[in-house]
Amino acid sequence: MANEAEETVRKLSAHKGVVGVVVVNGEGIPIKTTLDNHVSVQYAGLLGSLVDKAKSVVRDLDPTNDLTFLRIRSKKSEVMVAPDKEFILIVVQNPVE
Amino acid sequence: MEIAYAYTKRRCDFGRQPLFCEQGPEMCDTISTNVAEHKQYILRNPVHQPTQNTPCFSEHYVNTIRAEYTTTGANHAEGGWPKDVNVVDPEATQRYRRKIEKDDNYIHCVMSLAPGMDHYVMQNNAIDMYRTYYAEMPTLPAVERNSCRTVNVYRDANGQRPIGSISWQPDGGQRFAVTYCDVDFNRNPRSSVVSYIWDIENANNPEVIFTPTCPLLDLQFNPRDRNMLAGGLMNGQVGVWDRRHDGDASIKCAPHVAHRELVRNVLFINSKSGQEFFSSGPDGACKWWDIRNMSEPTEEMIIDVVKSSFDVQSMANSNGVSTLEYEPTIPTRFMVGTENGFVIGGNRKGKTPMEKLPAKFEAHLGPVWSLERNPNFLKNFLTVGDWTARVWSEDCRESAVVWSPPHRHKITAATWSPTRLSLMLVTQWNGLLATWDLLRRQHEPVLTMQVCEEPLLRVRMHEGGTLAACGSRKGNIYMTELSQNMAQSDKNDKVLLTAIFEREAKRERILEARMREIRLKLRQAEEGSPVASVTDFDPSAGDRDLAEATTDYMQAVKKELAAM
């Protein structure tokens, strides 16, 4: 089962344009990452609070609603964040031009 | 020893005032002093007795809910490692990581999040969805080329008098009759009162000159007889003119049966003899005349819509009429547009006043200047007034079916094209002639042309469908010619236009039904009691439309989903 998770993360990072994949737990520790440590930690720390804020925005506007996905598009890359109850999955991808 | 005295009192004696009686003291008990006890006691002298003369207070503690604060340190360079893991030691952190990776929760979470993420990654790879595509491409020009040009101008030799009315000769004739009306505030004519018949070919001189006694406001050709015209005068009389005779009217109605105000409109009706017409004006009465006997009208109707069958129509309450409408194929019905913005449908065959004026539409905020049925869709008619042009359907009483946005300038007249079903010509106060084609665009005209600088007052189209005569305030008639594609209808046009009108009428009916429901609910709420609707109005029409619309929509959605 652990292999499956490994496999999945590996396949995800093998897609075209994907720079890195980070799985962060509730405390902000990057559990599995394909980037180097300090970058992962940066992503983990910054995106953790952003995901919390986004979740609270969605819930405040409509309590029956919930955040499913968060996409941040910047000039040079796109960060896609999939939140879960305890972990968040972060994928950084470069746009295909 | 008990010192108590019990006495009984009867219940009926309760509450009575006590009646005292004198009685000497009665000794109940006596306790004699015990002299031996005296030795146990001494006299206390002095006696200290503290007193304090202060008010008595009570004590009570109150405090707000305290917020608990703790001060902890946080290492922002690394995440929230648990206390037992040494952050600097890579092995320890690795071990911790491995431990979490083996956790069931982690695996489940990664497996559930990955497919969605996959989808988005591949989506990003497939297309750059944050860009606006085709923005740099220019808008394609319309394939259809519409054009409109002025071919001729017929100027008034007798000064610049505003146009009163224009009427084409029937059966595609080459002539048209024009009335001019230049009066000041007191209805005194400021210049000559002649009216002309122009021949299209000759723009220099009118063919026939009529000289009525007072200004003519409306002159209409008889559809059955090319040489006969009926006209309405400013003093309330109506008359008949003959094209072959210049000068004054051949026959005029008697002054005592004429209208009480000026006659703004006359129209010929469909009759066996072909010599009957009706007239109306701001006095609020419609009179039918037979040319053979002009000493009195054949029929009169007061345009006063009554609410119940007990009310009597009266001239005092009537609405002044600003325009008339008659369709030869519906012989007994007609429509009037009033000066206060209503369109009232009339039925000559009605027996009671309620039957005679069955329909009333609230059309505009000001007088209705033009009212015309679509030659092919008799149930739909257009009205212009205030700053909008509206198209109505006879079965939607509450509102128009299609309407234009309010314009910057007043709209003075409009007419349907006799040949192209969906075309309307609309004239504006700024001299603009706009052609609206309901099959092409509904939010703006298909073609606009600045005919002249002064306001355009009237427009009438020739039966052929290409020529339109527009009359302006300076007395000029501009003959404009539309391009061929605007004068013809395609095969499908009738079907498409029917679909458009049907759809809009359905929408209006659904809205009407909903408004009725809401009003009924409000009324019931006001009355306070849940009264079962006594007036069982028929909501089925609106609900049927709504049900139809919902089933259509669901079918279309199912089809789309199946095709995907």
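## Quick look at the pairing of strand β12 (residues 285-290) of chain B
Residues and elements named next belong to chain B.
Phase 1: In terms of residue burial, β12 counts as a mostly covered element, since 6 of its 6 residues are buried.
Phase 2: By the alternation rule, side chains of β12 split into A285, K287 and W289 and C286, W288 and D290, which are all buried.
Phase 3: Bridge count for strand β11 (residues 276-280) against β12 is 5 bridges, and the pairing is antiparallel. In the strand pairing of β12, S279 is matched with K287.
Phase 4: Hairpin connection between β11 and β12: a loop of 4 residues separates the two successive antiparallel strands, and G284 in this loop has a positive phi of roughly 95°.
Phase 5: Here β12 pairs with strand β13 (residues 299-302) via 4 bridges, running antiparallel. The residue bridging A285 from the neighbouring strand is I302, located in β13.

## Section: the sheet that holds strand β26 (residues 456-461) of chain B
All names here are of chain B.
Phase 1: With antiparallel pairing, the 4 strands of this open sheet are ordered in space as β1-β28-β27-β26. Each edge of the sheet is formed by a strand with only one pairing partner; in this case those strands are β1 (148-154) and β26. Ignoring which end each strand starts from, the neighbouring axes of this sheet average 25° apart.

## Let's talk about the interface of chain B and chain A
Phase 1: At the interface, 31 residues of chain B touch 37 residues of chain A.
Phase 2: Interface area for chain B against chain A, summed over the two sides, is near 3,100 Å², with a carbon-plus-sulfur share of 62%.
Phase 3: At the surface where chain B touches chain A, the tally comes to 0 salt bridges.
Phase 4: Where chain B packs against chain A, one counts 11 residue pairs in polar contact (both at pLDDT 80 or more).
Phase 5: Looking at the side of chain B that touches chain A, the elements that each hand over two or more residues are α1 (90-101) and α2 (104-126) of chain B.

## Notes on α2(B)
Phase 1: Between the first and last C-alpha of α2(B) there are 34 Å, a value that for 23 residues agrees with the 33 Å anticipated at 1.5 Å per step.
Phase 2: Taken as a whole, α2(B) carries its principal kink of about 30° at A114(B); the proline P115(B) stands between one and four residues after it.

## Some thoughts on the confidence of the model for chain B
Residues and elements named next belong to chain B.
Phase 1: Of all residues in chain B, 95% have pLDDT values of 70 or greater, and the mean over the chain is 85.
Phase 2: Ranking the helices and strands of chain B by mean pLDDT puts strand β22 (residues 411-416) first, with 92, and helix α3 (residues 353-356) last, with 82.
Phase 3: Within the model, the stretch residues 531-537 combines pLDDT values under 50 with 5 contacts to residues more than four positions away or in other chains.
Phase 4: Scoring the predicted complex yields pTM 0.59 and, for the interface, ipTM 0.81.

## Quick notes on the nonpolar core
Phase 1: Counting 26 residues, the largest nonpolar core has V21(A), F87(A), L89(A), V91(A), Y106(B) and M117(B) as the members making the most contacts within it.
Phase 2: With 7 residues, α2(B) is the single largest residue contributor to this core.
Phase 3: For V21(A), the contacting residues outside a window of four places in its chain are V9(A), L12(A), S13(A), K32(A), T33(A), T34(A), L89(A), I90(A) and V91(A).
Phase 4: Grouped together as the second largest cluster of nonpolar side chains are 22 residues, V426(B), A434(B), L439(B) and F501(B) included.

## Considerations on the packing of aromatic side chains
Any two aromatic rings considered together are summarised by their centre-to-centre distance and by the angle between their planes.
All names here are of chain B.
Phase 1: Applying the stated criterion across every chain, the model contains 17 aromatic pairs over all chains.
Phase 2: Here the aromatic rings of Y154 and W198 are separated by 5.3 Å at their centres, their planes lie at 65°, and the arrangement is edge-to-face. Of the two residues, Y154 sits in strand β1 while W198 sits in strand β4 (residues 195-199), which places them 44 residues apart along the sequence.
Phase 3: Judged by its relative accessible area of 0%, Y154 falls in the buried class.

The rules behind the values
Residues numbered from 1 in each chain as written. Chains lettered and ligands numbered in written order. Predicted model: local features only at pLDDT ≥ 70, side-chain atom pairs only at ≥ 80, totals over all residues. Heavy atoms only, no water. Buried < 20%, exposed > 50% of the residue type's maximum accessible area, 1.4 Å probe, protein only. Helix = DSSP H or I, 4+ residues; strand = E, 2+ residues; numbered from the N terminus. Pairing = 2+ DSSP bridges. Axes fitted to C-alpha atoms, helices over the stretch in contact; angles between N-to-C directions. Contact = heavy atoms within 4.5 Å. Buried area = accessible area lost by both parts, 1.4 Å probe. Salt bridge = Lys/Arg side-chain N within 4 Å of Asp/Glu carboxyl O. Polar contact = N/O pair within 3.5 Å; in protein donor to acceptor, adjacent residues only side chain to side chain. Expected span 1.5 Å × (residues − 1). Bend = angle between axes of the 7 residues up to and from the residue. pLDDT = per-residue confidence, 0-100. Core = buried A, V, L, I, M, F, W, Y, C linked by side-chain atoms within 4.5 Å. Phe/Tyr/Trp six-rings, centres within 6.5 Å; stacked < 30°, edge-to-face > 60°.

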